[in-house]
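For reference, the chains in residue letters:
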Amino acid sequence: LFVFFTEEERRVRANDREYNEKFQYASNCIMTSKYNIITFLPVNLFEQFQEVANTYFLFLLILQLIPQISSLSWFTTIVPLVLVLSITAVKDATDDYFRHKSDNQVNNRQSQVLIGGILQKEKWMNVRVGDIIKLENNQFVAADLLLLSSSEPHSLCYIETAELDGETNMKVRQSLSVTSELGDPNNLAQFDGEVVCEPPNNKLDRFCGTLYWKDCKYPLSNQNMLLRGCVLRNTESCYGLVIFAGPDTKLMQNSGRTKFKRTSIDRLMNTLVLWIFGFLVCMGVILAIGNAVWEKEVGALFQSFLPWDPPVDNFLFSAFLSFWSYVIILNTVVPISLYVSVEVIRLGHSYFINWDRRMFCSRSNTAAEARTTTLNEELGQVEYIFSDKTGTLTQNIMTFNKCSINGRAYGEVMDILGAQQKRVQPLDFTAWNPLADRDFCFYDQSLLEAVMVGEPAVHEFLRVLSLCHTVMSEEKREGVLVYKAQSPDEGALVTAARNFGFVFRSRTPGTVTTHELGKAVTYTLLAILDFNNIRKRMSVIVRNPEGRIRLYCKGADTVLFERLHSCNHELMNITSDHLNEYAGDGLRTLALAYRDLSEEQWEAWAERFRGADKATDCRDDRLAAVYEEIEQDMMLLGATAVEDKLQDGVPETIAILSLANIKIWVLTGDKQETAVNIGYSCKMLTDDMTEIFIVNGHTVQSVREELRYNAPPSSLLESISGEFALIISGHSLAHALEADMEREFLETACACRAVICCRVTPLQKALVVELVKRHKKAVTLAIGDGANDVSMIKTAHIGVGISGQEGIQAVLASDYSFSQFRFLQRLLLVHGRWSYLRMCRFLCYFFYKNFAFTMVHFWFGFFCGFSAQTVYDQYFITLYNIVYTSLPVLAMGIFDQDVPEQRSLEYPKLYEPGQLNLLFNKREFFICIAQGIYTSVVLFFIPYGVLSHATQSNGVPLADYQTFAVTTATALVIVVSVQIALDTGYWTAINHFFIWGSLGTYFTILFAMHSSILFNIFPKQFHFLGSAHNTLGQPVVWLTIALATVISIAPVLAFRFLKLDLKPQLSDTVRNTQLVLQKKRKPGGRVGRGSRRSGYAFAHQEGFGELITSGKNMRLSSMALATFASRHSSSWIDTLRRKKHANSTGAQNTPPTGEDSAASSQTPPLSTSSSAAGKAGQACNEPVLTHSPDDIALSVIRCPEREVGECSTGTVQVNIHLKTSSSTNCILWG
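Residues numbered from 1 in each chain as written. Predicted model: local features only at pLDDT ≥ 70, side-chain atom pairs only at ≥ 80, totals over all residues. Heavy atoms only, no water.

The helix and strand tally for the protein chain stands at 42 helices and 37 strands. Buried residues in the protein chain amount to 54% of all 1230 residues. When the accessible surface of the protein chain is totalled, it reaches about 54600 Å², and 56% of it is carbon and sulfur. (Helix = DSSP H or I, 4+ residues; strand = E, 2+ residues; numbered from the N terminus. Buried < 20%, exposed > 50% of the residue type's maximum accessible area, 1.4 Å probe, protein only. Areas by Shrake-Rupley, 256 points an atom, 1.4 Å probe, with all protein chains shown as cover.)

Structure, rendered in structure tokens:
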């Protein structure tokens, strides 16, 4: 019996292994691997047989071992099964080998452990909880340690946490004062303190515990801890007590498996496989019934000389055995290689993403990375993108731009008349401030003058910036300061104060040293009230050299203004106006305030603070309550405005994704005004929008009223032509996400082109994503760069991490990562669309070829007395899916593409079939199945009908079983090879090699199996000596194969040509345009005058340039692609008539003159999304495609009468003929 205890608290006694081992704490040995040599085979096989398909084939293998049931040898199933299991096992073993290698490397690192008062070198794996470890500079921390002492003054040490959270900025940790003197190994050997703390958890930013030593207790926090994975920097040495080891460390607690995500195609495929199983059972039942009828009516006549086998004593039992026999024979409708092939294709697509040089950022030396291989095709189906703003749309590189101090705004340079001047030269700070940062730019001389003349409010404002922060300062050499800030905002503000003469120089645990206008000043640091996402502010309490105590605070204006003294009302209104102006410019803002404290106030509050800090339960809540007490009745100083510029290519990326019918929602913690301004900057919001709805209510009722009255119902929005946007604040969103209002909010938001949620928390981000996932059944993608985006990234179907300035926590939680938002368009429109297209084509062809192969057995059952005799020999059945047809379909699934990558970006509407799931769905599946069944009918009945009456050249009949089997098998391999050649849209050398190589391999193996060599070696296995030579040597056989191939392929070709002519997809048109352009580029070539029925071109009409560049003609209804060119063209013809009438009377019936041609050449250029279309002019003897002004539906029209206009280089002529007696309303050519 094993009894498992949940650890509620941890007790660790220093230098007492015997005491600590009673609790059976984990050792410091980590094991991320899954297997060892002994457990690999059983555990891996157990995992693989969790797959329903593998279990199903194991069941078939067991059936095949029963001789009364199976008409096939056991190896027809075991060979493919073992091959698939082996490939998966090798992949798993390789992955696990690298995990073992990594584990061994880490576990065998050396550390110095204090044992018996002597420092001894031990491997990390041998370190135990309660040991005391010595760390030296630049060493990795071996376990989660309580810092006991350090070689640095005040027992400080500096660490880098890049392996934990990706942040390269140094962080400071400090030991308790009572243990700071234990720096000598002899003293540490006598240390017997006991730590009682929280159990192991994954929270990197918090630790709560108490040290009991010498009858006293001391509170412990995260500031006293060194976590495994950190690196000691700028510290000679330090000692620490092991609290958590190995799997209990916070690093390992955070490396748990991410929730497994499945694609919609995976879910559909599982459903289809179940349907196929049902279909297989139905076929088995039909053939079993046939066997019963045949045995009763016909088989009984043969009993005298062909009796039943011993177990069979009646026709019903014979039918029962026949059912299982046919289940075995027909099992290839669900090939075991399907799942392995899908994984291989996904792996190939992932490598394409990793290798894409156009998604590589040279500035940060960061390549795109597919961190999962299971979601690639889902990238081609995204409908909603949820994006963070800071660091995702913007660069997260902050520059101090403007500020408001005591009601006066600084940062704008005005002339004498009050007009804004263009910035000429930034201020030169180095002339009077040798410690200034030379890279800092500021343009307003008036702020510098205010500093020089000594305005108290300005000095106090800059003093707040130099004191209220957690920045670490490192002095590389005399006068050269380098600031290490946890956030770019803090770094920008401290740098601004530095340049204006208030220079932060250094800090100790109890002091902060600054240089104020050249004079060194040291402040006593009494308390730091740290920032978090709930408080949205931070404060410090300091005592100046004169002994005055003051609290300095900076934070979000919405939070800070609520805590100001009532006398600040007028200043608050002025500052609010400045803040709104800054936010309107897209700047990030903070408000600054202070409060004077008396000695009595400080002492009373400090006592409550120490009590809350020592609390072992609800410590964070108690501290927050104490902080709230002191941060009241503050005096407002002003506000800062920091600029965070947009990343390169963000507006263009959002515009292109919008044209692809992808809706983008921005979820940010910034002010509403800032977020709205960024929305305009990145073209999410435009002046052309019909309405921008703002929901800003503070109560449930007010939010409901604003949703209903400010924003009309979604049904009404959809019926009104125009574009809408919704902006909602965090406090309103909290009410909108309640159960009784979430549907109303969702419907309104989804009817808008853009949605911006401001002042939202990380939890709200995840809730919004979950809401859309739950109700819209659409594929969602979340993209962010910070730890506050992790919940949103994990909630969405697809998570994308930006490797930016806020560490790599978002990247670690993501499915895909890169360094720039603009790469998102390439990830979706190129890699995502291609992955979806390839996977759909692969699945369609895969099911087709296997039904064509398997259903031949079904038809043969009606001609062999339902005896479960197979058509093909068992070797062909074994090799069909793993040799003859596996590589061509893999090549198509990995390399195929319908249009080049540049066209995918130029025509975003090509992305829409994935969103509508048009390329592989239940309808497409049944079409593939129908085609496969039709092919099987042809492949069986054509050879059967021909060979039953055919003879050889010597008069011997050809109607024997093996001749029929070879003919049918050969026809099958040729037909499926021709079919995949027709399905392949992009030919590479690999496609050619695999398709024609597989065909050659088939004939090589076929002749080898019927050769005398194998017959002499295995006479019992290869019975039909020379059958292949004799069969394929007959002309009638090749004619039969050719006839079967033509009859199988001809309907497919006819259907595709008709579809291309009558109902072309956008991809067909773009591909054809590409071919036309390639022909035009040939030097010296002239366009032929012969009729080409596959030639298409886009027609031009004056005035369409503005329409195309506006993007309005790129909007398709959800069914537009499905009914692409089937609608009647009268609507756009009428529009053209009206437009031509309005411009020039009578111009319809006359060709344009040379002047007209010249004028037309000055028409504004087309947008990039239609650039190829604009170049697709073709000779006037071709059928033509034209734009509809309302969308981009294309219509094919013919030219019964043509007049040829002359086109000069660089110009475009448009000839329009209105016909009243013809069925064609108008003819256009370019």
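To continue, consider the confidence of the model for the protein chain. Here the protein chain averages 81 in pLDDT, while 83% of its residues score no lower than 70. Here residues 1-5 scores under 50 on pLDDT; set against residues more than four positions off or in separate chains, the count is zero contacts. Low confidence marks residues 1084-1230, where pLDDT is under 50. Its contacts with residues over four positions away, or in another chain, come to 248 contacts. (pLDDT = per-residue confidence, 0-100. Contact = heavy atoms within 4.5 Å.)

Reading across the sheet, the four strands line up as β1-β8-β9-β10 and stay open at both edges, with antiparallel pairing between neighbours. A strand with exactly one partner marks an edge of an open sheet, and here the two such strands are β1 (10-13) and β10 (216-220). Each strand axis lies, on average, 20° off the axis of its neighbour in the sheet, ignoring direction. Relative to strand β8 (residues 194-197), β1 is paired through four bridges, and the arrangement is antiparallel. What sits directly across from Arg-13, in β8, is Glu-194. (Pairing = 2+ DSSP bridges. Axes fitted to C-alpha atoms, helices over the stretch in contact; angles between N-to-C directions.)

Spatially, the nine strands line up as an open sheet ordered β17-β16-β26-β25-β24-β23-β22-β21-β20, and their pairing is antiparallel. This sheet does not close on itself; its edge strands, each paired only once, are β17 (408-410) and β20 (502-507). Strand after strand, the sheet turns through a mean of 30° between neighbouring axes, direction not considered. Where strand β23 (residues 537-543) meets strand β24 (residues 549-555), seven bridges bridge the pair, whose relative direction is antiparallel. Paired with Val-542 across the strands is Arg-550, a residue of β24. Seen against the sheet, helix α15 (residues 569-584) touches β16 (394-405), β17, β25 (587-597) and β26 (635-646) and runs at an angle of roughly 0° to β26.

Looking now at the pairing of β26. Along a regular strand, successive side chains alternate from one face of the sheet to the other. Burial runs high along β26: nine of the 12 residues are buried. In terms of strand pairing, β16 meets β26 through eight bridges, oriented antiparallel. Bridging from a neighbouring strand, Met-398 pairs with Asp-644 of β26. Relative to β26, β25 runs antiparallel, the two being bridged by eight bridges. In the strand pairing of β26, Ala-593 is matched with Leu-636.

This part is about helix α38 (residues 1066-1080). The periodicity of an α-helix, 3.6 residues per turn, causes residues three or four places apart in sequence to face the same way. Look at α38: 21 Å from first C-alpha to last across 15 residues, which is about the 21 Å you get at 1.5 Å a residue. Taken residue by residue, α38 has Leu-1066, Ser-1067, Asp-1068, Thr-1069, Val-1070, Asn-1072, Thr-1073, Gln-1074, Val-1076 and Leu-1077 as its buried positions. (Expected span 1.5 Å × (residues − 1).)

A word on the nonpolar core. Counting 100 residues, the largest nonpolar core has Leu-338, Phe-842, Leu-843, Tyr-872, Phe-876, Phe-920 and Leu-972 as its most contacted members. Here this core gets 18 residues from one element, more than from any other, and that element is helix α27 (residues 823-861). Look past the residues within four positions of Leu-972 in its chain and what remains in contact with it is Ala-852, Phe-853, Tyr-872, Phe-876, Tyr-880 and Leu-939. Listed in part, the 49 residues of the second largest apolar core include Met-359, Ile-656, Ile-783 and Leu-827. (Core = buried A, V, L, I, M, F, W, Y, C linked by side-chain atoms within 4.5 Å.)

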